[in-house]
Each structure stands twice: as structure tokens, then as C-alpha cells.
Amino acid sequence: MTTTALRDGLVPGRGRIVVAMHITDVPATSPTLIAPETFLIPNLVPAGDGMYLHVNSMVIRGAEPVIVDTGAPVHRDLWLEKVFSVVEPDDVRWIFLSHDDPDHTGGLLDALEMCPNATLVTNWFSVERLGLEMPPLPLERMRWIEPGGSFDAGDRTLHLFRPPVFDGPTTRGLYDPTTAAMWIVDTFACLTPGAIFDACDLPRELIDEMIPAMNSAVSPWHQWLDPAAYRRHVDDVEAMGVLVAASAHGPVVSGPDVHHAFDLTREAAGRPNIPTPGQELLDQLLATVG
Ligand SMILES: [Fe+2]
Ligand SMILES: [Fe+2]
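Residues numbered from 1 in each chain as written. Chains lettered and ligands numbered in written order. Predicted model: local features only at pLDDT ≥ 70, side-chain atom pairs only at ≥ 80, totals over all residues. Heavy atoms only, no water.

1. What to know about the coordination of the iron ion (ligand 1)
Here comes step 1: Protein coordination at the iron ion (ligand 1): the donors are Asp103 (OD), His104 (NE2), Asp186 (OD) and His249 (NE2), at 2.1 to 2.2 Å from the metal.
Here comes step 2: On the accessibility criterion, His104 (0% relative accessible area) is buried.
Here comes step 3: Exposure remark for Asp186: the relative accessible area of 1% places this residue in the buried category. (Donors = N, O, S within 2.8 Å, 3.2 Å for Na, K, Ca; no water. Buried < 20%, exposed > 50% of the residue type's maximum accessible area, 1.4 Å probe, protein only.)

2. Quick notes on the sheet that holds strand β8 (residues 119–122)
Here comes step 1: The strand order across the open sheet built from seven strands is β1-β2-β5-β6-β7-β8-β9, with neighbouring strands paired in mixed fashion. Of all strands in the sheet, those bounded by a partner on one side alone are β1 (32–35) and β9 (142–144). On average, each strand axis in the sheet is inclined to that of its neighbour by 25°, with strand direction left out of account.
Here comes step 2: Here strand β6 (residues 66–68) runs beside strand β7 (residues 94–96); their pairing, made up of three bridges, is parallel. Counted as the bridge partner of Val68 is Phe96 from β7.
Here comes step 3: Taken strand by strand, helix α2 (residues 76–86) contacts β2 (38–41), β5 (57–60) and β6, and its axis lies near 170° from that of β2. (Pairing = 2+ DSSP bridges. Helix = DSSP H or I, 4+ residues; strand = E, 2+ residues; numbered from the N terminus. Axes fitted to C-alpha atoms, helices over the stretch in contact; angles between N-to-C directions. Contact = heavy atoms within 4.5 Å.)

3. Section: the coordination of the iron ion (ligand 2)
Here comes step 1: With distances of 2.1 to 2.2 Å, the protein atoms coordinating the iron ion (ligand 2) are His99 (NE2), Asp101 (OD), Asp167 (OD) and Asp186 (OD).
Here comes step 2: All donors of the iron ion (ligand 2) belong to a single chain; written as a sequence motif, their spacing is H-x1-D-x65-D-x18-D.

4. Considerations on the environment of Leu137
Here comes step 1: The topology assignment puts Leu137 in the loop between α5 (124–130) and β9.
Here comes step 2: For the pair formed by Leu137 and Leu120, sequence separation is 17 residues and the distance between their alpha carbons is 9.5 Å.
Here comes step 3: When neighbours within four sequence positions are excluded, Leu137 is seen to be in contact with Leu108, Leu109, Leu112, Leu120, Leu130 and Met142.

Take a look at the structure:
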């Protein structure tokens with residue numbers, strides 16, 4: 001799989017796939033332990049050419065369990081089944097919403113209804129934007145926290161930050177210093193040839209092609225970035241001490257791969273965009289169905 005193949009195949013924008021989705025035609029996935037009491041909740045959609053896009057979320061099952069993002073509408077039933085196989089709804093104390101994009105809010109209303117003891121961690125702008133998409137959210141059950149802020153989840157303090165790559169202005173990542181696990185949201189997206197949850201199980205060449213291409217698709221503004229200024233921001237995120245980075249749209253990056261993935265991200269500053277599919281792909285797709 002190369003950048004050319006990515007161009008030919010599909011591309012994610014706000015979690016929306018250009019190629020038609022058949023979510024029943026994907027490998028089965030189940031919650032995966034990625035750090036102590038920290039579970040990736042995976043889901044896949046076909047991305048063409050035998051590749052799949054992850055649409056993940058996460059659960060931190062500490063003293064005060066936290067649901068981290070709520071999946072995509074197409075996975076709603078699967079998402080509910082997987083999340084509540086690792087935590088009881090009544091035990092959930094926090095629902096952390098990284099941002100208001102639909103591929104992160106698919107189960108939000110269900111989670112709020114099913115988890116009466118949960119407080120929603122979000123921000124003003126997300127609530128404003130979601131007001132255009134769904135019924136009013138319960139203000140009395142929220143806490144609005146900005147990047148640099150944190151909240152106490154009983155046995156850990158979880159820190160919010162602005163991820164290096166994002167496709168929505170409301171985006172906040174989440175870092176858990178007790179496990180060094182990080183929810184890096186739309187950063188480090190990477191298509192995979194199957195149900196592969198750890199970047200170490202992918203060829204390095206695939207990661208080196210895919211992460212820059214997907215980062216570029218998600219955050220095309222990288223072309224206008226001053227490399228020194230951007231480096232300082234990415235350095236600050238990496239310096240939090242992350243050992244395991246979970247992406248909503250790719251396999252988990254851990255160990256030495258973490259620094260490499262941050263490097264691939266830093267290098268995009270000031271570089272031209274990597275193009276996403278255009279009319280040529282649409283023509284090809286129409287030809288195959290016609
Ligand atoms: Fe996303
Ligand atoms: Fe997004």
C-alpha cells in the first residue's frame with residue numbers, strides 16, 4: 001500500500017469514507033487491553049483494496065471508569081455491545097468527548113442515557129456545534145475543560161491537550177500519567193490490512209507512507225506551518241511521557257514506534273499536501289458499478 005494506493009483507494013475526512021461502506025464485511029474485533037485497565041474499543045470499515053479504517057474509542061476502567069469517545073453511527077450497536085462488555089453502565093463516571101465529529105459521537109446519546117452516573121467532559125464549542133445535529137445535551141451533567149486542563153477520575157488525574165493533528169477546532173486529546181496511555185484522537189491515522197491493532201505488526205514502509213498521508217488528509221493546514229513553531233507543539237505533546245498512543249483511526253502506537261510516529265508528524269510542517277482522491281476515483285467507482 002502506497003500513497004498512490006491511498007489516492008486510488010479512499011480517504012477519510014471527518015471519518016467519512018469516499019468508498020461505499022459495508023460494515024458487515026469486516027473482520028470481527030473485540031475490546032483489546034492496551035495498558036493497565038485501559039481498553040481499545042475497535043471497529044473497522046472497509047477502505048478499498050483490502051484495507052480497513054479503524055473507528056476506535058477507548059475505556060479506562062479505573063476507580064471512576066471513563067468512556068473515551070463514542071464511536072460512529074454506523075457502528076452504534078457494535079459499539080454499545082463492546083463498551084458495555086468491559087464496564088457496567090452504572091459504573092461509568094465520565095464520558096470524555098474528544099470533539100463533535102460524527103465518528104466520535106455515534107453512541108453519545110445512548111451512553112448518556114445508559115450511564116446515569118456519568119459526567120460528560122466536553123467544551124462550549126462542541127456543545128454549540130452538536131446543537132445542530134442532535135437534541136440538546138444536559139448542561140447539568142457536563143464539565144467544560146480546555147487544553148491544558150485536567151479532571152480527577154478517582155485514582156488518576158486525566159490531562160487534556162490539543163493533539164498535533166486534528167480536523168475539528170474543538171479537539172482535545174487525553175493523557176493518563178498513571179499508565180502513560182494517550183488518546184491522540186485523529187492523529188496517527190493509518191489504514192490496516194485487517195484487524196491489526198498494534199503498529200508493530202505492520203511493515204514500517206506502510207506506516208511511513210500511511211501516517212503522513214492520513215495526517216495530511218485530516219489536517220491539510222500543515223503546509224502553512226512554521227516547522228520550528230510546530231515542532232515545539234509536537235515536542236510538548238510527546239514530552240508528556242506517552243508510552244502508548246491510541247488513535248481513533250489507526251492501530252495503537254507503542255514503545256519506540258511512538259517517537260517515530262511523532263517524527264513523521266513533525267516533518268509535515270511546511271510541506272505540500274498529499275492529495276486525496278478526486279473525480280478520477282469517482283469515475284472508476286462508477287465504472288465498476290455500471
Ligand atoms: Fe475521527
Ligand atoms: Fe475528527
